Amino acid sequence: NTSIYNPRAEYKRYDGIHVELAFVTRLQSQMPAKRLETRKAPARIMLETGKMVGLYGEGWDEDLEFQPYYKGTVAPGPDLFSLYKSADLHVHSNEDTNWHMRVLECISSGGRIACFEPTSERRSAPYPYAHTFRTSRELSSILDAIQESRRNETHVMLSKAQSDWIGALHGYDTRAAKILE
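Rules used throughout
- Every residue gets a number counted from 1 within its own chain, in the order that chain's sequence is written.
- With pLDDT at 70 or above as the cut-off, local features in this predicted model cover only qualifying residues; side-chain atom pairs require 80 or more to be listed or tallied, and sums for whole chains, interfaces and linings still use all residues.
- With hydrogens and water set aside, each side-chain value is computed from the structure's full complement of heavy atoms.
- In this description, strands pair whenever DSSP reports at least two bridges between them.
- For the purposes of this entry, the term helix denotes a DSSP run of H or I that reaches at least four residues, the term strand denotes a run of E that reaches at least two, and both are numbered from the N terminus.
- Inter-axis angles, ranging from 0 to 180 degrees, are taken between N-to-C directions of lines fitted to C-alpha atoms, where helices are fitted over the stretch in contact.
- Working rule for contacts: check all heavy atoms of both residues, and any pair within 4.5 Å makes them a contact.
- Here, a disulfide means two cysteine sulfur atoms that sit within 2.5 Å of each other.
- Given a helix with a known number of residues, its expected span is that number minus one, times 1.5 Å.
- For every residue, the accessible area obtained with a 1.4 Å probe (protein chains only) is divided by the maximum for its type, and the residue is called buried under 20%, exposed over 50%, and partly exposed between those limits.
- Classification of ring pairs rests on two measures: the distance between centres of Phe, Tyr or Trp rings, Trp counted by its six-membered ring, which must be within 6.5 Å, and the angle between planes, read as stacked under 30 degrees, edge-to-face over 60 and tilted in between.

**So, the sheet that holds strand β5 (residues 113-116)**
Point 1. Taken in spatial order, the six strands line up as β3-β2-β1-β4-β5-β6 in an open sheet, and their pairing is parallel. Looking at strand neighbours, the two that pair on one side only are β3 (70-72) and β6 (131-133), the edges of this open sheet. When the angles between neighbouring strand axes are averaged without regard to direction, this sheet yields 30 degrees.
Point 2. By the bridge criterion, three bridges tie strand β1 (residues 21-24) to strand β4 (residues 89-92) in an arrangement that is parallel. Opposite L21, over in β4, you have L89 as the bridge partner.
Point 3. Across the sheet, helix α3 (residues 101-109) touches β1, β4 and β5, and the angle it forms with β5 is around 155 degrees.

**Side note on the state of the cysteines**
Point 1. In total, this model carries zero disulfides according to the counting rule given.
Point 2. With no disulfide of its own, C106 lies 9.0 Å from the sulfur of C115, the closest cysteine sulfur.

**Section: helix α1 (residues 33-48)**
Point 1. The terminal C-alpha atoms of α1, which comprises 16 residues, lie 22 Å apart, in line with the 22 Å expected from a rise of 1.5 Å per residue.
Point 2. Looking only at α1, the buried set comprises L36, T38, R39, K40, A41, P42, A43, I45 and M46.
Point 3. Close packing links the buried residues of α1 with β1, β2 (53-56), β4, β5, β6 and α4 (136-151).
Point 4. A positive backbone phi angle near 80 degrees is found at G50, which sits one or two residues after α1.

**Some points on the pairing of β5**
Point 1. Here β5 shows two buried faces, one formed by I113 and C115 and the other by A114 and F116.
Point 2. When β4 meets β5, the two strands line up parallel, connected through three bridges. Looking at β5, one finds that H90 is bridged to I113.
Point 3. With three bridges connecting them, β5 and β6 associate as parallel partners. Within β6, the residue paired with C115 across the bridge is T132.

**Quick look at helix α2 (residues 78-86)**
Since there are 3.6 residues in each turn of an α-helix, residues three or four apart along the chain are aligned in direction.
Point 1. Of all nine residues making up α2, seven are buried, and the element is well covered by its neighbours.
Point 2. Here α2 has its buried residues at L80, F81, S82, L83, Y84, K85 and S86.
Point 3. Where α2 is buried, its residues contact β1, β2, β4, α3 and α4.

**Focus on the packing of aromatic side chains**
Point 1. For the structure shown, the criterion picks out four aromatic pairs.
Point 2. Seen in terms of ring centroids, F23 and W60 are 5.7 Å apart; in terms of plane orientation they differ by 50 degrees. Their pairing is tilted. Residue F23 is found in strand β1, and its partner W60 is found in the loop between β2 and β3; the two are separated by 37 residues along the sequence.
Point 3. Overall, W60 belongs to the buried group, its relative accessible area being 0%.
Point 4. Following the ring pairs from residue to residue traces out a cluster consisting of F23, W60 and F66.

**A closer look at the environment of V53**
Point 1. Among the secondary structure elements, V53 is positioned in strand β2.
Point 2. A relative accessible area of 5% means that V53 is categorised as buried.
Point 3. With 18 residues separating them in the primary sequence, V53 and K71 have C-alpha atoms 9.1 Å apart.
Point 4. Among residues more than four places away in sequence, those in contact with V53 are V19, L21, M46, L47, Y69 and K71.

Shown next as structure tokens:
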């Protein structure tokens, strides 16, 4: 929904908490083992970077390994939009594809996202809209470049380009028209 998730909208810093790396997803013990590992592996990589990490969503607080980084749940809509804009870089991981609503919302909001790609098979939105990483070194390099672009304001142009790309190809109106067609 590009009326909610767009870089031109006003936002307030989400809960006043700043994190460099954010991961918004559930981590529930009843999930299949492959899905749990698909979420834990990039979280561990995030922690290896030594950066400020925030894990958002149900279940992170129940796992002792990740509990210290749990920042609560975030509601879709204005709260999630604010988090997309507040964190420096978002991480996403899925066991079969990284083309996901959360990725598109983040990109459309003007946020930056890096998708965990454990193999050489590319399953994500194209660069520069989404980055991919396998290691903490790669993730740190992406974050450093994004933080530098924020300091010199080049991120503003990319945010508009991202939003235009999402609106043209994947926005709510575009998808609804395609479904009705």
